[in-house]
Amino acid sequence: MDRGMSRAPRRASAKRKAVDWDGRKKVNLALQGGGSHGAFTWGVLDMILEDGRLDIEAITGTSAGAMNAAVYAEGYLENGREGARARLESFWSQVSSESAMQPWQRKLFETVLKPWGFDGSPAYLMMDFVTHYASPYDFNPLDMNPLRDVLRKMIDFQKVRACEHIKIFVAATNVRTGKIAIFNREQLTADHIMASACLPNLFRAVEIDGTPYWDGGFMGNPALFPLFYETACPDVVIVQVNPTERLETPRTARDIQDRVNEISFNSSLMREMRAVEFVQRLVDSGQLPKEKYMRVFAHRIDGAEPLKSFTAASKFDSSWATLTTLRDIGRAAAKAWLDKNYDNVGARDTIDLRTEFM
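Residues numbered from 1 in each chain as written. Predicted model: local features only at pLDDT ≥ 70, side-chain atom pairs only at ≥ 80, totals over all residues. Heavy atoms only, no water.

K.L.:
Could you give an account of the overall build of the protein, naming the residues involved and the relevant values?
P.N.:
In terms of helices and strands, the protein carries 12 helices and nine strands. Burial status across the protein gives 53% buried among its 358 residues. Long-range pairs, those at least 24 residues apart, make up 78% of the contacts in the protein between residues at least 6 apart in sequence. Per element, the accessible surface of the protein, about 16,000 Å² overall, is 53% carbon and sulfur. (Helix = DSSP H or I, 4+ residues; strand = E, 2+ residues; numbered from the N terminus. Buried < 20%, exposed > 50% of the residue type's maximum accessible area, 1.4 Å probe, protein only. Contact = heavy atoms within 4.5 Å. Areas by Shrake-Rupley, 256 points an atom, 1.4 Å probe, with all protein chains shown as cover.)

Pasting the structure below:
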C-alpha cells in the first residue's frame, strides 16, 4: 500500500515491551540500501545474532536492506539465530558467484595485468556510459536481471512469509504517483524485493498488479514510519551505509554525480529523523500525550564513515574479497556499538538527532 511520509510516531496498539521473555532487549532495525555495500549490513546482522543480547522485533529495509531482511527471516525460521547467520552468508556468497559472470566484474587476468581500480575497469566505464545515454528499455530489451534469478534461487519466500518471529517492511517507489509503497512480510515475493532495488537507469520498472515501481531509496531509505505504527518497540537502530557528510567538494563529473546520488538517497531518512526529533521534543515537554505517541529512542550503527573510502562504483563490485571485507567492517562497527551503547537500549537515544539531522 502507498503511504505518506509526514505522520508522527504514534504508539502502536500493542503494549510497549522493551525486554523479551528471555531477557533480551528488543529493537527494530532500519536497513539502508546501497548495492554491494549491503554486505556491511550483513556483517552488522551477523554480529547482533552472534552477540545474542538483542532480539529484533521488526526490520524495515530498502534495496539491499530488504534483501538482508528477507534472508534473515528465512534463515531464522529454519534454525533460529544460527540459521539466519548461515543463510546470510550463503546468500552473499551466491550473489558473488552469480555476479562474477557479469561483464562489469573484474576478471582475474585484469586484476593481475592491469592495476586499475574497479572504477577504471573498461567494462564498468562502458556500463556507466551506456546507462547515462540510453534507457534500459533500449539496451536491455529482454529485461535480463541476474539479481532476479539469485532471489528466486536463494530465497524461499514462502518461508519468509511464514516467519512470524519478525515483522518486515520493504519500501519501493510508485512510479506513477511518486509516493512510497510499503510491502509487509506477508506479501513478499521476489518481485517486491526487485521493486525495492530497481534502479531506473539500469532496469525496467518492476510491475506488481499492474503498477510500476522503482527503487525505494527515492522515497524511503529506509522508511521508518511503519515501525512507529506497526510495532510496540521504541528503539530504532538505523544501519546507515550512505555517507551523510563529505568535507571535500566534488569536482569531476563522476564525483559530482556520486555525491548527488548520496544526497538523494539520504534525503528521505533526514526528513523522517527531523520529524522524529520534533515529536520527541513535544512528548518530552508534555505537549503530546505519551499514551498516544511513542517516545522513540534513536540509535545508529554508522557505516558511512568507514565506507567513505569505498567509491560509488564499488557498489557494483560483488567480488567475494570485497563483500567479506565489507562484512568484517560491519561486524566491527556493530560490536563497537553494542559494547558502548547496549545499556542505553530501552532508556535513551544514543544519537543526537538535532546535531546530526537538523
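There's plenty left to go through after this.
K.L.:
An account of a nonpolar patch on the surface is needed here, citing residue identities and associated values.
P.N.:
On the surface, Val175, Trp214 and Phe218 cluster together into a nonpolar patch covering about 220 Å² of accessible area. For Val175, the location among the structural elements is in the loop between strand S4 (167–174) and strand S5 (180–184). Using a relative accessible area of 30% as the deciding quantity, one classes Val175 as partly exposed. (Patch = residues over 30% accessible without salt bridge, like charges linked within 9 Å, V, L, I, M, F, W, Y side chains within 5 Å. Salt bridge = Lys/Arg side-chain N within 4 Å of Asp/Glu carboxyl O.)

K.L.:
Residue-level account of the environment of Lys315, with values.
P.N.:
Within the secondary structure layout, Lys315 lies in the loop between strand S9 (297–302) and helix H11 (320–341). Sequence separation between Lys315 and Gly38 is 277 residues; the distance between their C-alpha atoms is 8.5 Å. The residues contacting Lys315, other than those within four sequence positions of it, are Gly34, Gly35, Ser36, His37 and Asn242.

K.L.:
Explain the nonpolar core to me, and be specific about the residues and the numbers.
P.N.:
In terms of nonpolar packing, the biggest core is built from 66 residues, with Leu29, Ile56, Phe91 and Ile155 touching the most fellow members. In terms of residue count, the dominant contributor to this core is helix H2 (residues 64–99) (13 residues). Phe91 has contacts with Met67, Val71, Val150, Leu151, Met154 and Ile155, leaving out every residue within four places of it along the chain. In terms of nonpolar packing, the next biggest core, distinct from the first, is built from 22 residues, Phe169, Ala223, Leu224 and Met273 among them. (Core = buried A, V, L, I, M, F, W, Y, C linked by side-chain atoms within 4.5 Å.)

K.L.:
Describe the pairing of strand S8 (residues 235–240), with residues and values.
P.N.:
By the criterion of burial, S8 is predominantly enclosed, with six of the six residues buried. Side chains Asp235, Val237 and Val239 of S8 all project onto a buried face; the interleaved residues Val236, Ile238 and Gln240 project onto the opposite face, where all are buried too. Bridge count between S8 and S9: six bridges; the pairing is parallel. Bridge pairing in S9 links Val237 to His299. The parallel pair S8 and S9 is bridged by helix H10 (residues 253–284), and the resulting crossover is right-handed. (Pairing = 2+ DSSP bridges. Right-handed = clockwise from strand over helix to strand, strands pointing away.)

K.L.:
Tell me what's going on with the packing of aromatic side chains, and back it up with residues and numbers.
P.N.:
As enumerated under the stated definition, the model contains six aromatic pairs in all. With centroids separated by 5.1 Å and ring planes inclined at 35 degrees, the aromatic side chains of Phe218 and Phe265 adopt a geometry described as tilted. With a gap of 47 residues between them, Phe218 in the loop between strand S7 (211–215) and helix H9 (225–230) and Phe265 in helix H10 connect regions that are remote in the sequence. For Phe218, a relative accessible area of 33% puts it in the partly exposed group. Overall, Phe265 belongs to the buried group, its relative accessible area being 14%. Geometry around Tyr342 places Lys25 over its ring, the cationic atom sitting 4.6 Å from the centre. (Phe/Tyr/Trp six-rings, centres within 6.5 Å; stacked < 30°, edge-to-face > 60°. Lys NZ or Arg CZ within 6 Å of the ring centre and 35° of its normal.)

K.L.:
Outline H11, listing residues and values.
P.N.:
With 22 residues, H11 should cover 32 Å at 1.5 Å per step; its first-to-last C-alpha distance of 31 Å lies within 8% of that length. Taken residue by residue, H11 has Thr322, Leu323, Thr324, Leu326, Arg327, Gly330, Arg331, Ala333, Ala334, Trp337, Leu338 and Asn341 as its buried positions. (Expected span 1.5 Å × (residues − 1).)

K.L.:
Describe the pattern of salt bridges, naming the residues involved and giving the relevant values.
P.N.:
By the definition in use, this model includes 24 salt bridges. Lys159 is the salt-bridge partner of Glu78, the closest N and O atoms lying 3.0 Å from each other. One end of the pair, Glu78, is in helix H2; the other, Lys159, is in helix H7 (residues 157–162), with 81 residues separating them in the sequence. The partly exposed category is assigned to Glu78, whose relative accessible area is 38%. We classify Lys159 as partly exposed; its relative accessible area is 30%. In this structure, the salt-bridge partner of Glu82 is Arg85, at a minimum N-O distance of 3.5 Å. Taken together, the residues span about one helical turn, with Glu82 and Arg85 both in helix H2 at a distance of three residues. Note on Glu82: relative accessible area 45%, which makes it partly exposed.

K.L.:
Give me the lowdown on the environment of Thr355, citing residues and values where you can.
P.N.:
With respect to the element layout, Thr355 can be found in helix H12 (residues 353–357). Polar side-chain contacts of Thr355 include one of 3.0 Å to the side chain of Asp352. (Polar contact = N/O pair within 3.5 Å; in protein donor to acceptor, adjacent residues only side chain to side chain.)

K.L.:
How would you summarise the confidence of the model for the protein if you had to cite specific residues and measurements?
P.N.:
On average, residues of the protein score 85 in pLDDT, and 84% of them reach the 70 mark or higher. For the stretch residues 103–118, pLDDT sits under 50, and the model shows 34 contacts to residues farther than four places along the chain or on other chains. (pLDDT = per-residue confidence, 0-100.)

K.L.:
With reference to specific residues and values, describe the pairing of strand S2 (residues 25–31).
P.N.:
Taking burial as the measure, the seven residues of S2 include seven buried ones, the bulk of the element. Sheet topology note: the S2/strand S3 (residues 54–61) ladder contains seven bridges and is parallel. Along S3, the bridge assignment pairs Ala30 with Thr60. In the classification by handedness, the crossover that spans S2, the intervening helix H1 (residues 38–51) and the parallel S3 is right-handed. In the sheet, S2 pairs with S8 via four bridges, with the strands oriented parallel. Counterpart to Asn28 in the pairing with S8 is Val236.

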